[in-house]
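# A structural walkthrough
Here's the letter readout for the chains.
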Amino acid sequence: MNRIVLIGNGFDLAHGLKTSYADFINWYWEHVKHRILGSLSNIYDDSLCFVSTNKSWPQGFWAVFTYDINIGSNRELPGKDFVEFLRESCHMQVVFSPLLEAIMHDITEKKWVDIERVYYTLLCDTLKENSKINVDDLNNQLQALTNKLCEYLKDVEENSDREINKAIKEKIYEPIKLQDIAVEAEETVKQYFKDRCAKIHILNLLEKYQKIGILKNYDLEMLRISYKDDFGHYMQRDYKFSTLPERILLVNFNYTNIADQYVPEDQEIAMVNHIHGTLEEPESMIFGYGDEIDKRYMELSDLEDNRYMKNIKSHRYLERNKYRELLQFANSDEYQIYIMGHACGNSDRTLLNTLFEHENCVSIKPFYYQKPNGTDNYRELVQNISRNFKDKKLLRDRVVNKTYCEPMPQAKLATDKN
């Protein structure tokens, strides 16, 4: 029996990385501010934000912010406030693209933003009568944003300590708990582990785990000698590690490689699937929307205009082999799903529905975020998970109830570089 670990942005945040979309947008405004202050041009345009000045000084923005006291006195403002000041200045023209305008609206009104969802909403809005949004312009804006995001995340990753969180590692490699298994699959799973314990294969598996530091304090050779032919029966009766996963697949929805730190080299148990690409290969990055269940998707598809399909994730998956590898893993054996830092929003609904309702899925265990005030997002996370199910009966059986779930370990916990 295997385990699939879905790794989302909350995983990177739990390691102290500022990788939220809000952090990225704040960085973007600082980037815009820096480019404007040092520019000898009167115009700044990056496809997301257009800024121009009506002051006709030869040295452009640099002269405006150097010699105009009223404007220059605001150069120390934070990036976002700096741009807002420019928007209100009678000497400046500032125009946000529709995508950036919508992103800033969500950040202001909701205090959070899902850029991929914002893009999809605007994409659907292009079909409305009298829409002022052009699909080609919108796709260009998303590409410009993707390029900026890649630049930002590279900087974040390069400046991170990249340490393994011991508590997270223990959860990834921990035994499968029978209390987490769906009622429908409970007897099958029990029989699976009982049969496996009767084979010498289980000892070989434990030795593999020991090589990667999971069973440091157990003398497996002593157990082999002491119990000899009765080892399988001993495992069934007393040994809690008899339910360790056969294989573990970390499905990394992030573009960073923090997840790779949890897969030691020269081992056969765990592997990482960078389903959305990596920063090392920017052309591999999949940034768009993946909800073929949404009613509006069929409307877009029926247009027979490929511009509307350009950033649909399920099409982008076909450009690489990662989705196929994920399906092969899911088809190979029964599996439990761990959710670590993935919000399970609709932007990945096509992929998540495939995994959640797959006949080999026997359990879905979310690790929720516990806030400093003691509240948590378990209910919100389960609500998001539910939207990825067509069969609500399966939802109620496969999702582990809160009694048996745990908070996602955070960066403040002790770390282990091994």
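Calculation criteria
Residues numbered from 1 in each chain as written. Predicted model: local features only at pLDDT ≥ 70, side-chain atom pairs only at ≥ 80, totals over all residues. Heavy atoms only, no water. Helix = DSSP H or I, 4+ residues; strand = E, 2+ residues; numbered from the N terminus. Contact = heavy atoms within 4.5 Å. Areas by Shrake-Rupley, 256 points an atom, 1.4 Å probe, with all protein chains shown as cover. Lys, Arg positive; Asp, Glu negative; His and termini not counted. Charge placed at Lys NZ, Arg CZ, Asp CG, Glu CD. Buried < 20%, exposed > 50% of the residue type's maximum accessible area, 1.4 Å probe, protein only. Pairing = 2+ DSSP bridges. Axes fitted to C-alpha atoms, helices over the stretch in contact; angles between N-to-C directions. Nonpolar A, V, L, I, M, F, W, Y, C, P; charged D, E, K, R; others polar. Core = buried A, V, L, I, M, F, W, Y, C linked by side-chain atoms within 4.5 Å. Salt bridge = Lys/Arg side-chain N within 4 Å of Asp/Glu carboxyl O. pLDDT = per-residue confidence, 0-100. Patch = residues over 30% accessible without salt bridge, like charges linked within 9 Å, V, L, I, M, F, W, Y side chains within 5 Å.

## With respect to the overall build of the chain
When its secondary structure is counted, the chain shows 19 helices and 8 strands. Principal-axis analysis of the C-alpha atoms places the extent of the chain at approximately 90 × 50 × 40 Å. The contacts in the chain between residues at least 6 apart in sequence include a share of 70% that link residues at least 24 apart. For the chain, the exposed area adds up to about 20600 Å²; of that, 47% sits on carbon and sulfur atoms. Across the chain, the centroid of the 54 positively charged side chains sits 3 Å from that of the 66 negatively charged ones.

## Regarding the environment of Trp 112
Of note, Trp 112 is situated in the loop between α6 (98–110) and α7 (115–125). In sequence terms Trp 112 and Leu 220 are 108 residues apart; their C-alpha atoms lie 50 Å from each other.

## Focus on the pairing of strand β3 (residues 49–53)
In terms of burial, β3 is largely enclosed, as 4 of its 5 residues are buried. Taken together, the 3 bridges between strand β2 (residues 43–45) and β3 define a ladder with antiparallel strand orientation. Pairing of Tyr 44 across the sheet is with Val 51, part of β3. Here β2 hands over to β3 after 3 residues, with Ser 47 in that stretch at a positive phi of 80°. Of the pairings in the sheet, the one linking β3 to strand β4 (residues 92–96) comprises 5 bridges and is antiparallel in character.

## Observations regarding the packing of α6 against helix α8 (residues 135–158)
Each pair of packed helices can be described by the angle between their axes along with the distance between the axes. Their axes nearest at 8 Å, the elements α6 and α8 cross at an angle of 65°. Here Pro 98, Leu 99 and Ile 103 of α6 lie close against α8, whose contacting residues are Leu 138, Gln 141, Leu 142 and Leu 145. When its residues are assigned to classes, the contact of α6 with α8 shows 6 nonpolar, 1 polar and no charged.

## Side note on the nonpolar core
Grouped together as the largest cluster of nonpolar side chains are 90 residues, with contacts concentrated most on Trp 29, Phe 65 and Leu 250. Here this core gets 10 residues from one element, more than from any other, and that element is α8. The contacts of Trp 29, once residues within four sequence positions are left out, are Cys 49, Gly 79, Lys 80, Val 83, Phe 96, Leu 100 and Met 104. Residues Ile 4, Tyr 323, Ile 337 and Leu 395 belong to the second largest nonpolar core, which totals 32 residues.

## So, the pattern of salt bridges
Enumeration according to the criterion identifies 22 salt bridges in this entry. A salt bridge links Arg 196 to Glu 246; the shortest N-O distance between them is 2.9 Å. Separated by 50 residues along the polypeptide, Arg 196 in helix α10 (residues 186–197) and Glu 246 in the loop between α13 (231–238) and β5 (248–252) bring together distant segments of the chain. In terms of burial, Arg 196 and Glu 246 fall into one category: buried. Residue Lys 208 is joined to Glu 268 by a salt bridge in which the shortest nitrogen-to-oxygen separation is 3.0 Å. One end of the pair, Lys 208, is in helix α11 (residues 201–211); the other, Glu 268, is in the loop between β5 and β6 (270–273), and 60 residues separate them in sequence. What emerges from the salt-bridge pattern is a single network uniting Lys 171, Glu 174, Lys 177, Asp 180, Lys 365 and Glu 406.

## Concerning the confidence of the model for the chain
Averaged over every residue, the pLDDT of the chain is 90; residues scoring 70 or more account for 94%. With pLDDT under 50 throughout, residues 413–418 is counted as low confidence; its partners more than four residues away or in other chains account for 14 contacts.

## Points about a nonpolar patch on the surface
A contiguous nonpolar surface patch, about 440 Å² in accessible area, is contributed by Leu 40, Trp 57, Trp 62 and Tyr 67. Position of Tyr 67 relative to the elements: it lies in helix α3 (residues 60–67). Overall, Tyr 67 belongs to the exposed group, its relative accessible area being 54%.

## Details of the sheet that holds β2
Strand order across the open sheet formed by 3 strands is β2-β3-β4, with antiparallel pairing between neighbours. The sheet is open, and its two borders are formed by β2 and β4, each paired with just one other strand. Neighbouring strand axes in the sheet, compared pairwise and without regard to direction, differ in orientation by 5° on average. Seen against the sheet, helix α2 (residues 21–37) touches β2, β3 and β4 and runs at an angle of roughly 150° to β2.

## A closer look at a positive patch on the surface
A cluster of basic side chains, namely Arg 387, Lys 392, Lys 393 and Arg 396, defines a positive patch on the protein surface. Structurally, Arg 387 is set in the loop between α18 (378–386) and α19 (392–398).

## Re the sheet that holds β6
If you walk across this open sheet you meet the 5 strands as β6-β5-β1-β7-β8, and the pairing is parallel. Every interior strand has two partners, whereas the edge strands, β6 and β8 (361–367), have only one. Sheet twist, expressed as the mean angle between neighbouring strand axes with direction ignored, is 20°. Alignment of β5 against β6, held across 4 bridges, turns out to be parallel. Paired with Val 251 across the strands is Asn 273, a residue of β6.

## Some details on unusual backbone geometry
Phi angles above zero are rare outside glycine, and Asn 130 is one such case at about 65°. Here Asn 130 shows up in the loop between α7 and α8. Residue classification places Asn 130 among the exposed positions, given a relative accessible area of 74%. The phi angle at Cys 344 is positive, at roughly 60°, despite the residue not being glycine. Structurally, Cys 344 can be placed in the loop between β7 (335–340) and α17 (349–356).

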